[in-house]
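One letter stands for each residue in the lines below.
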Amino acid sequence: MEQARARDAATPQLFASPHVPEQAGPADFRPARPLVPEQARVVPAHARGEHTHSEPPAPGTAPRTVQRHSVRGQILEALRTALVDGELAPGEVYSAPVLGERFGVSATPVREAMQQLAIEGAVEVVPNRGFRVTVRSARELAELAEVRALIEIPVVLRLARTIPAARWSALRPLADATAAAAATGDRAAYAETDRAFHRALLALSGNQQLVAVADDLHRRSQWPLTRAPVTRRADLVADAAEHMALLEALVAEDLTVVQSLVREHFTGAEA
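What counts, and at which threshold
- Along each chain, residue indices are assigned from 1 in the same order as the chain's sequence is written.
- With pLDDT at 70 or above as the cut-off, local features in this predicted model cover only qualifying residues; side-chain atom pairs require 80 or more to be listed or tallied, and sums for whole chains, interfaces and linings still use all residues.
- Hydrogens are left out, water is left out, and the side-chain values use all remaining heavy atoms of the structure.
- By definition, any uninterrupted DSSP run of H or I lasting at least four residues is a helix, any uninterrupted run of E lasting at least two residues is a strand, and each is numbered from the N terminus.
- Here, residues are in contact when the closest pair of their heavy atoms is within 4.5 Å.
- Each accessible area is a Shrake-Rupley estimate made with a 1.4 Å probe; only the visible protein chains count as cover when residues are assessed.
- When DSSP finds at least two bridges between two strands, those strands are taken to pair.
- For helices, the fitted line uses only the C-alpha atoms of the stretch in contact; every axis is such a line through C-alpha atoms, and the angle between N-to-C directions lies from 0 to 180 degrees.
- The length a helix should cover is 1.5 Å for every residue beyond the first.
- In this scheme, a residue with accessible area under 20% of its type's maximum is buried, one over 50% is exposed, and one in between is partly exposed, where area comes from a 1.4 Å probe on protein chains only.
- Under the rule applied, a polar contact is a pair of N or O atoms within 3.5 Å (in protein, one hydrogen donor and one hydrogen acceptor; residues adjacent in sequence only if both atoms are side-chain atoms).
- What is meant by a nonpolar core is a set of buried Ala, Val, Leu, Ile, Met, Phe, Trp, Tyr and Cys residues, joined one to another through side-chain atoms within 4.5 Å.

Turning our eyes to something else, we now look at the overall build of the protein. If you tally the helices and strands in the protein, you get 11 helices and three strands. Secondary structure elements of the protein occur, N-terminal to C-terminal, as α-α-β-α-α-β-β-α-α-α-α-α-α-α. A sequence separation of at least 24 residues applies to 75% of the contacts in the protein between residues at least 6 apart. Surface summary for the protein: the accessible area is close to 13100 Å², and the carbon and sulfur share equals 55%.

See below:
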């Protein structure tokens, strides 16, 4: 299923950004207005540079106050969510000061978060302008799905032979969380719960380096294509159902079914 989704390409959809909640947390700190590309806005020249920290917000968009020690992490998670949702459009350039205005913070934590995204390959630095969201192809997503399969499938099959049923059963709440997120059709929420399930599963190997590498690949595979279709709720529900079916087979120690399900989860083909 992972590679099947990676091959899709259609007309992009616009996603309106929700309002910032009064008490923003790491997972739900969102901009008060949609994230608008640099070239799509009429912005004073100084707003694109480095010295806009004291620029007052636009009327009706009072900034939200967040704790300084956690603001960078909140902004980073919000930007990652915006990538998954398609609010940060591939190929578009975004200015740190302008994004900072949307989030109600200075440009500094936004710039720091964007630098981290640049390290992860999600954006690239555009000197004197900001950051351009990386344009990715269906082939790149297919390659990511292939690499994930090469890493995760052998690990899951090995664990299936050694992990007792009780430990697999402990993962049910995480599988239930993916199903609940899928039922709402919220792509960002599903992406987070999906990664949490895979992290917990792979963590049973005891190899934290493997978990970190696999999670990074998983996150990158969730970024949309330039012309990506809107992920249907039915697709999310089907993907979540595969998690539960896999757990049931692991608890039952049915290795044949486990092998078939885990391969299908990544390739969309019968084993």
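On to the sheet that holds strand E1 (residues 93-94). Strand order in the open sheet made by the three strands is E1-E3-E2, with antiparallel pairing throughout. The outermost strands of the open sheet, each flanked by one partner alone, are E1 and strand E2 (123-126). Pairing between E1 and strand E3 (residues 130-133): two bridges, direction antiparallel. Across the sheet, tyrosine 94 pairs through a bridge with phenylalanine 131, a residue of E3. Against the sheet, helix H4 (residues 107-120) engages E1, E2 and E3, with an angle of about 120° to E2.

Attention shifts here to helix H9 (residues 208-221). Between its first and last C-alpha, H9 extends 20 Å over 14 residues, near the 20 Å set by a 1.5 Å rise per residue. Taken residue by residue, H9 has Leu210, Val211, Ala214, Asp215, Leu217, His218, Arg219 and Ser221 as its buried positions. Sitting at the amino-terminal end of H9 is asparagine 207, which places a side-chain oxygen 3.1 Å from the backbone nitrogen of glutamine 209.

So, on to helix H8 (residues 187-203). In an α-helix, one full turn covers 3.6 residues, which means residues spaced three or four apart are oriented alike. Over its 17 residues, H8 runs 24 Å from end to end, which matches the ideal 24 Å to within 8%, given 1.5 Å per residue. Listing the buried residues of H8 in full gives Arg187, Ala188, Tyr190, Ala191, Thr193, Asp194, Arg195, Ala196, Phe197, His198, Leu201 and Leu202. One side-chain oxygen of the residue at the start of H8 lies 3.1 Å from the amide nitrogen of alanine 188, identifying that residue as aspartate 186.

For the rest of this paragraph, the subject is the pairing of E2. Across four bridges, E2 lies against E3 in antiparallel orientation. Bridged to glutamate 124 within E3 is arginine 132. Taken together, E2 and the strand that follows it, E3, pair antiparallel across an intervening segment of three residues, in which asparagine 128 is found at a positive phi of about 65°.

What follows deals with the environment of asparagine 128. Along the polypeptide, asparagine 128 turns up in the loop between E2 and E3. For asparagine 128, a relative accessible area of 79% corresponds to the exposed category. Remark: the alpha-carbon pair of asparagine 128 and serine 95, spanning 33 residues in sequence, is separated by 9.1 Å.

To continue, consider the nonpolar core. A general trend in soluble globular proteins is that nonpolar side chains are found buried together. Judged by nonpolar contacts, the single largest core of 27 residues is most densely connected at Trp168, Leu201 and Val258. Looking at this core, the elements with two or more residues in it are helix H5 (138-160), H8, H9, helix H10 (233-251) and helix H11 (255-267). The biggest single contributor to this core is H5, with seven residues. For valine 258, the contacting residues outside a window of four places in its chain are Val156, Leu157, Ala160, Leu246, Ala249 and Leu250. Counting residues in hydrophobic clusters, the runner-up holds 23 residues, among them Ala82, Val105, Ala107 and Leu117.

The values reported here are purely geometric and, on their own, carry no functional implication.
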